[in-house]
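Reading the structure
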Amino acid sequence: MARTTAPRPRWQRRPAARPDEILDAAFAVFAEDGFARAKLDDVARRAGVSKGTLYLYFDSKETLFREMVRAKIIPCVVQGEELVRTHEGSARDLLVTVIRRMWITVRSPEVTRIGRLLQFELGSFPELGRFYFDEVIARTRRLLQDAIDRGIASGEFRRVPHHFTTRAVASLLVHSAQHQCFFAPLDPAPLTDEQVVNGVIDIVLNGVLVRPPSRSKA
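Residues numbered from 1 in each chain as written. Predicted model: local features only at pLDDT ≥ 70, side-chain atom pairs only at ≥ 80, totals over all residues. Heavy atoms only, no water.

1. Quick look at the layout of surface pockets
Keep this limit in mind: Cavities and pockets are defined on a 1 Å grid built over the protein atoms alone: a cavity is a set of grid points where a 1.4 Å probe fits but cannot escape, while a pocket is an open set with protein on both sides within 12 Å along at least five of seven lines, and lining residues are those with an atom within 4 Å of any such point. Grid points are joined across faces, edges and corners, and a volume is the space filled by probe spheres set on the points. Residues are sorted three ways: Asp, Glu, Lys and Arg are charged, Ala, Val, Leu, Ile, Met, Phe, Trp, Tyr, Cys and Pro are nonpolar, and all the rest, Gly among them, are polar.
The calculated volume of the largest pocket comes to roughly 790 Å³. If you go around the largest pocket, you meet 33 residues; those closest to its centre are V106, Y132, V136, T140 and V174. A breakdown of the residues in the lining of the largest pocket according to their chemical character gives 19 nonpolar, 11 polar and three charged.

Written as structure tokens, this is what we have:
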């Protein structure tokens, strides 16, 4: 008689796939519960692994948070850096594209909730706050500044004191995304996401574009 091989249970997965599944689960749990309240038991349960298995890959909640950021958020920053590096065309078009891509990232429900976590919790975890600032916030500012510097060099943009534009863009996008996520259902005159991002672009461009010289009346 031919020997038959019993099928592998459907729940079995290759060990190589587990870190990604754990990071997916961590992304959801941190977004829902925040950092302080998040439990590794909940992450393991959502990932479909034991807590012991989770510890084989991530030795602490802090390590898991860092690796979650590296897997889920930093790739978006890297894509932005590459876009700025390789863009051919006007600085105006580059800046608009960067803003639209940033909006897609910060508007996702998970990233919006991670943003809220950062505002309210990471002051109590200064090492994680420094990590996020260095790896995400500072790098995002630099890629925005590179796009703006290109416009200044080409004569499209004017210089803005203290590089404030880079801070303004990020603040407008993050705050607007949080409003859309948490308060739009309560807003008697809500805006669509497209209206919001177009409004951000309008404000930014009118702030950085070179102004034509005023003509004195004869």
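2. Points about the confidence of the model for the protein
For the record, the criterion: A residue's pLDDT is simply how confident the predictor is in it, with values from 0 to 100. By the convention used here, residues are in contact when the closest approach between their heavy atoms is within 4.5 Å.
Mean pLDDT over the protein: 89, with 90% of residues reaching 70 or higher. Counted against residues more than four places away or in other chains, residues 1–13, with its pLDDT under 50, gives five contacts.

3. Brief notes about the pattern of salt bridges
Under the convention used in this document: Any Lys or Arg side-chain nitrogen found within 4 Å of a carboxyl oxygen on Asp or Glu counts as a salt bridge. Strands are runs of DSSP state E lasting at least 2 residues, helices are runs of H or I lasting at least 4, and numbering of each runs from the N terminus. For every residue, the accessible area obtained with a 1.4 Å probe (protein chains only) is divided by the maximum for its type, and the residue is called buried under 20%, exposed over 50%, and partly exposed between those limits.
Tallying each qualifying case throughout the model produces 12 salt bridges. A salt bridge links D41 to K51, with the shortest nitrogen-to-oxygen separation between them at 3.7 Å. With a gap of 10 residues between them, D41 in helix α2 (residues 40–47) and K51 in helix α3 (residues 51–57) connect regions that are remote in the sequence. Exposure remark for K51: the relative accessible area of 34% places this residue in the partly exposed category. Note that R85 is salt-bridged to E82, the shortest N-O span being 2.6 Å. One end of the pair is R85 and the other is E82, both in helix α5 (residues 74–86) and three residues apart, which spans about a single turn.

4. Comments concerning the packing of aromatic side chains
Spelled out, the test is: Between 30 and 60 degrees the pair is tilted, below 30 it is stacked and above 60 it is edge-to-face, where a pair is any two Phe, Tyr or Trp rings, Trp via its six-membered ring, whose centres lie within 6.5 Å. The rule is short: NZ of Lys or CZ of Arg within 6 Å of the ring centre and within 35 degrees of the ring normal puts a charge over the ring.
Tallied over the full model, the rule gives five aromatic pairs. For the ring pair F35 and F125, a centre distance of 4.7 Å and an interplane angle of 70° mean the geometry is edge-to-face. Of this pair, F35 sits in helix α1 (residues 18–37) while F125 is found in the loop between α7 (109–120) and α8 (126–154), placing the two residues 90 residues apart along the sequence. By the ring-pair criterion, three or more aromatic residues cluster together here, those being F30, F35, F65 and F125. The ring of F35 has K61 lying over it, and the distance from NZ or CZ to the ring centre is 4.8 Å. The residue whose ring lies beneath R66 is F131, and the NZ or CZ to ring-centre distance is 5.9 Å.

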